[in-house]
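Architecture and fold: a report
Below, each chain spelled out in residue letters.
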Amino acid sequence: MIPRTLPTWQTGRWQDDLADLVRDPLELLRLLHIDAAQIGRSEALQQAFPLRVPRAFVAKMQRGNIDDPLLRQVLPLGEELLVQPGYSADPLQEAGSNPHPGLIHKYRGRVLLIAARQCAIHCRYCFRRHFPYAQNNPGRDQWQPALDYIAADPSIGEVIYSGGDPLALADKQLAWLTAQIAQIPHVRRLRIHTRLPVVLPHRIDDSCLQWLAQTHLQKVVVLHSNHANEIDADVAAAVTRLRSIDIPVLNQAVLLRGINDSVAALAALSEALFAAGVLPYYLHLLDKVAGAAHFEVALPRARSLYRQLLEQLPGYLVPRLVREQPQAASKTPIL
Ligand SMILES: *Cc1c(COP(=O)(O)O)cnc(C)c1O
Ligand code: SF4
């Protein structure tokens, strides 16, 4: 018997958790027993890219620690308002590769579908924090141009659900969209880029597994986790459910100052991921999005950390260190 006093994120539906996010920085600090005077004013930040964080994620933060690596990923700070040269609203210049609302086609053979404009969590370093989601959140009939575009280009073998977080959409919508894509003969693979199994693990419920298992498309899920403390038994259980229907699960992380910029933190992340059934895929250098400069790890340091990581771990636990360059035909490896 599950005691009735458990918070909803341990017992309820993920939709309820999504409706019950922590959105007030003062509440977040109260939950963590941190004195609000430590962070100064953050009202201005609330407007453009407000705090959003699931309670299940808050539960993994250390009480009383303003420098907690999970807290730092979500807490709006005054540093975001500093204007820094080289940091812009659309650092990847995706606007130029956006042939239809909701579709980004930059690399050969695969397209990104911005399936949802919402995320369950707002990560302060997010390169899409200024993305015009309102213009990129098509409903069913508005998907048609994107679907037609994919159908008309036989080189597209893989569709990537991205966002926002695609799993913030209802399963009914995802099942519908997936069925449309599965009808396109040259599409073989469906990839899902999502942080929800990490921040709201019981998103991977029966109804989610059902549409995933139903489609003949080959599937791969790429999680986004930056720190070993994010990976707990609930996350491992979500991964196990995905793997139970033969979906490989990978992870991409962002190298973030003050969060995971040490060999120990990066090695611990890889170990925790693998223990949970996830293989590291990419370690991204920060995209230079306005408001995120304080997370940057300078290139020489990133390289040095990476070399040390190679000496610490078996090769299959070392993610590829990459950066995204606006005009490049793929992620650019950093060696
Ligand atoms: C990262 C990215 C992809 C996927 O790249 P992979 O190297 O296949 O993981 C696809 N399209 C866009 C626009 C991307 O930014
Ligand atoms: S979950 Fe991904 S898309 Fe959403 S805010 Fe975080 S980094 Fe950005």
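Residues numbered from 1 in each chain as written. Chains lettered and ligands numbered in written order. Predicted model: local features only at pLDDT ≥ 70, side-chain atom pairs only at ≥ 80, totals over all residues. Heavy atoms only, no water.

Notes on the site of ligand 2
- In the neighbourhood of ligand 2, the contacting residues comprise Cys-119, Ile-121, His-122, Cys-123, Cys-126, Gly-164, Arg-195 and His-224.
- Broken down by class, the residue content of the shell around ligand 2 amounts to four nonpolar, three polar and one charged. (Near = heavy atom within 4 Å. Nonpolar A, V, L, I, M, F, W, Y, C, P; charged D, E, K, R; others polar.)

Describing the nonpolar core
- Core analysis: the largest hydrophobic core is formed by 97 residues, its most contacted members being Leu-28, Val-53, Met-61, Leu-113, Tyr-161 and Ile-181.
- Structurally, this core is a two-domain feature, drawing no fewer than three residues from each of domain 1 (6-81) and domain 2 (94-333).
- Excluding anything up to four places from it in sequence, Tyr-161 contacts Leu-113, Pro-166, Leu-174, Leu-177, Thr-178, Ile-181, Leu-190, Arg-191, Ile-192 and His-193. (Core = buried A, V, L, I, M, F, W, Y, C linked by side-chain atoms within 4.5 Å. Buried < 20%, exposed > 50% of the residue type's maximum accessible area, 1.4 Å probe, protein only. Domains from an automatic or database assignment. Contact = heavy atoms within 4.5 Å.)

A closer look at the sheet that holds strand β2 (residues 110-114)
- Strand order in the open sheet formed by nine strands is β1-β2-β3-β4-β5-β6-β7-β8-β9, with mixed pairing between adjacent strands. Two strands close off the open sheet at either side, each with one partner strand: β1 (103-107) and β9 (332-333).
- As judged from the five bridges shared by strand β6 (residues 249-254) and strand β7 (residues 279-284), these two strands associate in the parallel manner. By the bridge assignment for β7, Ala-253 is matched with Leu-283.
- Where helix α7 (residues 144-151) meets the sheet, its contacts fall on β1, β2 and β3 (158-162), and the angle it forms with β1 comes to roughly 30 degrees. (Pairing = 2+ DSSP bridges. Helix = DSSP H or I, 4+ residues; strand = E, 2+ residues; numbered from the N terminus. Axes fitted to C-alpha atoms, helices over the stretch in contact; angles between N-to-C directions.)

Looking at the site of ligand 1
- Ile-104, Lys-106, Tyr-107, Arg-110, Leu-112, Ile-160, Arg-191, Tyr-281, Tyr-282, Glu-324 and Lys-331 make up every residue found near ligand 1.
- Within the side chain of Tyr-281, one N or O atom sits 2.7 Å away from an oxygen atom of ligand 1.
- For ligand 1, the accessible surface in isolation is 390 Å², of which the surrounding protein chains cover 93%.
- For the shell around ligand 1, the elements supplying multiple residues, two or more each, are β1, β2 and β7.
- In terms of residue count, β1 provides more of the shell around ligand 1 than any other element does, three residues in total.
- By residue class, the composition of the shell around ligand 1 is six nonpolar, no polar and five charged. (Polar contact = N/O pair within 3.5 Å; in protein donor to acceptor, adjacent residues only side chain to side chain. Areas by Shrake-Rupley, 256 points an atom, 1.4 Å probe, with all protein chains shown as cover.)

Here's the deal with the side chain of Arg-124
- Tracing the backbone through its elements, the reader meets Arg-124 in the loop between β2 and α7.
- Judged by relative accessible area, which is 0%, Arg-124 ranks as buried.
- A distance of 2.9 Å separates a polar atom in the side chain of Arg-124 from a polar atom in the side chain of Glu-80.

Quick word on the packing of aromatic side chains
- Tallied over the entire structure, the rule returns three aromatic pairs.
- Seen from their ring centres, Tyr-125 and Phe-295 are 6.0 Å apart, and the 90 degrees between their planes marks the pair as edge-to-face. Note that Tyr-125 is positioned in the loop between β2 and α7 and Phe-295 in the loop between β7 and α13 (299-312), a separation of 170 residues in sequence. By the burial criterion, Tyr-125 is buried, and Phe-295 matches it.
- Lying over the aromatic face of Trp-14, Arg-203 brings its terminal NZ or CZ to 3.8 Å of the ring centre. (Phe/Tyr/Trp six-rings, centres within 6.5 Å; stacked < 30°, edge-to-face > 60°. Lys NZ or Arg CZ within 6 Å of the ring centre and 35° of its normal.)

Examining the state of the cysteines
- Evaluation of the coordinates by the stated rule reveals zero disulfides.
- Free cysteine Cys-208: the closest other cysteine sulfur is in Cys-119, separated by 16 Å.
- You can call Cys-208 buried: its relative accessible area is 0%. (Disulfide = S-S within 2.5 Å.)

Read these as geometric descriptors, not functional statements.
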